[in-house]
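# Observations on the model geometry
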Amino acid sequence: MGNTTNIAIPAGGLLAIELLEDAGFEAWCVGGFVRDSIRRAPVHDLDIASSAPWQDAARVFRRAGLAVHETGTAFGTVTVIAGGSPIEVTTFRADGGYRDSRHPETVAFVGSIDEDLARRDFTINAMAWHPTRGLRDPFGGLRDLEAGLIRAVGVPAQRFAEDALRILRGIRFASELGFSIEGETLAAMQAHACSLGAISVERVFSELDRMLCGDAAGSALLACPEAVAAVIPEVGAMAGCPQNTPYHIYDVLGHTARVVDGSPATSLSRWSALLHDVGKPACRTTDAAGRDHFKGHAHVGARIAHDVLARLKAPTKLREEAHLLVSYHEWFMPPTETAVLRALRKLDGRVDLFRALLALQVADSLAKAPGITERLEAARATQGILEEVIARGAPFTLAQLAVNGGDLIAAGWQPGPELGQTLAQLLDAVIDGELENSRETLLAYALTHRLT
Ligand code: ATP
Ligand code: MG
């Protein structure tokens with residue numbers, strides 16, 4: 001074997017390989033399972049490549065009493081349930097372009113594991129593991145895994161010409177694994193980025209989403225901005241957009257990459273970070289002294305963010321919340337309890353959205369010129385107050401008010417819009433610290449002041 005790698009295959013996988021090989025076929029663990037096992041990272045699914053045509057694989061498994069689902073027979077794939085988990089078993093194949101990153105448009109079945117590995121995208125994804133034969137690594141995947149390199153299998157330009165989605169996959173793996181992209185592979189990614197337009201937006205969104213949520217998203221973004229720009233031209237416009245202000249030391253994209261890295265690794269936070277300043281290129285003006293201004297960029301950017309996410313068919317919730325975060329990202333409130341409660345009220349009580357807004361403001365401030373700390377301190381103080389207010393159960397929604405509509409009707413109010421207005425006024429007075437949130441106080445106040 002010539003290496004010290006050792007991989008534990010789950011019992012179901014061992015059984016599947018043994019059944020296929022006892023029937024005279026060859027079978028190997030492949031792809032992400034091998035990569036992640038060598039990295040000692042959690043593995044989420046097990047794929048097996050085998051010389052058995054799918055009909056034979058299905059027959060062998062069923063004869064052994066295992067359930068088999070014919071999940072992708074056009075591509076030579078069946079799913080066997082072994083050891084309680086689904087395992088995809090695919091016939092050795094070489095293929096043309098990929099339809100949805102797992103299913104190629106055309107397939108040709110081939111005779112050997114090495115030919116099967118040759119069709120895979122990156123060297124780190126093109127290794128096979130066998131319980132007794134050990135590692136099969138014809139493209140130096142182990143070396144690249146150890147060196148932290150994303151390298152295309154074969155001639156990079158050819159591989160990206162076959163399937164442009166591989167460009168985004170490469171950046172996504174670079175981000176998730178914190179790897180660099182090998183020079184020739186990177187040059188080919190940049191050169192072929194323009195063909196990403198032909199890839200379905202669903203696949204683009206899913207790769208970008210995973211890329212953004214990776215640990216090294218910022219450097220992956222800056223490594224190949226051409227790829228993101230090809231699918232989101234509005235992000236392309238941020239590259240090289242100067243910010244000659246005392247607050248900034250990077251161009252808009254450089255600043256943005258740092259905000260992405262400094263934001264929590266959730267879709268909402270990372271997409272909002274990516275797009276928070278997307279309005280800047282369109283809003284940039286330079287005054288007589290040569291200083292740049294970006295008046296209105298949060299508002300303009302919020303609309304662009306919404307359009308971008310709509311075009312990528314992002315989930316509606318993400319689209320709406322990112323729109324809000326981008327439009328409010330410059331909204332700084334005094335770090336007081338009243339301001340926090342009012343903000344919560346304005347955000348319809350969406351605490352997590354408020355948390356995400358403050359996290360964005362912190363990340364945004366940290367990515368500015370050193371010494372620009374006023375907003376950072378304000379946002380951090382507000383975070384502290386928010387958690388205190390939540391822990392204490394201070395009211396910021398009508399549901400938390402000590403009186404409800406029923407109480408007011410019992411006290412003589414008529415049902416209708418005025419009732420809602422009265423409750424809203426009472427909540428405002430509680431938030432502003434004018435009234436105590438108790439039933440007696442609120443009812444007495446409403447009656448004596450004849451609210452509404
Ligand atoms: P993860 O599941 O974490 O995304 P993975 O490596 O398992 O990682 P999959 O998309 O599940 O990725 O694909 C399984 C394997 O199929 C990959 O490891 C790779 O060898 C191959 N593969 C997937 N998509 C492509 C593609 N577009 N071009 C070439 N090979 C691909
Ligand atoms: Mg996988």
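Residues numbered from 1 in each chain as written. Chains lettered and ligands numbered in written order. Predicted model: local features only at pLDDT ≥ 70, side-chain atom pairs only at ≥ 80, totals over all residues. Heavy atoms only, no water.

### Details of unusual backbone geometry
- Residues other than glycine seldom take positive phi values, yet Arg-40 does so here, at roughly 60°.
- Inspection of the secondary structure puts Arg-40 in the loop between helix H2 (32-38) and strand S2 (46-50).
- Taking the relative accessible area as the measure of exposure, Arg-40 reaches 65% and is therefore exposed. (Helix = DSSP H or I, 4+ residues; strand = E, 2+ residues; numbered from the N terminus. Buried < 20%, exposed > 50% of the residue type's maximum accessible area, 1.4 Å probe, protein only.)

### With respect to the packing of aromatic side chains
- Summed over the entire model, instances satisfying the criterion amount to four aromatic pairs.
- Centre to centre, the rings of Phe-122 and Phe-173 are 6.3 Å apart; their planes meet at 75°, and the pair counts as edge-to-face. On the criterion of sequence distance, the pair formed by Phe-122 in the loop between helix H4 (113-118) and strand S8 (128-130) and Phe-173 in helix H7 (residues 165-177) is long-range, its members being 51 residues apart.
- A residue is classified by how much of its surface remains accessible, and Phe-122, at 0% relative accessible area, is buried.
- Phe-173 gets classed as buried once you look at its relative accessible area, which sits at 2%.
- Through a chain of ring-to-ring contacts, the aromatic side chains of Phe-122, Phe-160 and Phe-173 assemble into a single cluster.
- Lying over the aromatic face of Trp-28, Arg-133 brings its terminal NZ or CZ to 4.6 Å of the ring centre.
- Lys-346 extends its terminal NZ or CZ atom over the ring of Trp-331, reaching a point 4.9 Å from the ring centre. (Phe/Tyr/Trp six-rings, centres within 6.5 Å; stacked < 30°, edge-to-face > 60°. Lys NZ or Arg CZ within 6 Å of the ring centre and 35° of its normal.)

### Focus: the pattern of salt bridges
- The final tally for this structure, using the stated rule, is 29 salt bridges.
- For Glu-21, the salt bridge is made with Arg-133, and the minimal N-O distance between the two is 2.9 Å. Within this pair, whereas Glu-21 is found in helix H1 (residues 11-22), its partner Arg-133 is found in the loop between S8 and strand S9 (134-136), the two being separated by 112 residues in sequence.
- Linking Arg-439 and Asp-407 is a salt bridge whose minimum nitrogen-to-oxygen distance equals 3.2 Å. Of this pair, Arg-439 sits in helix H23 (residues 439-448) while Asp-407 is found in helix H21 (residues 405-410), placing the two residues 32 residues apart along the sequence.
- Relative accessible area serves as the criterion here: at 40%, Arg-439 is assigned to the partly exposed category.
- What emerges from the salt-bridge pattern is a single network uniting Arg-159, Glu-162, Asp-163 and Arg-166. (Salt bridge = Lys/Arg side-chain N within 4 Å of Asp/Glu carboxyl O.)

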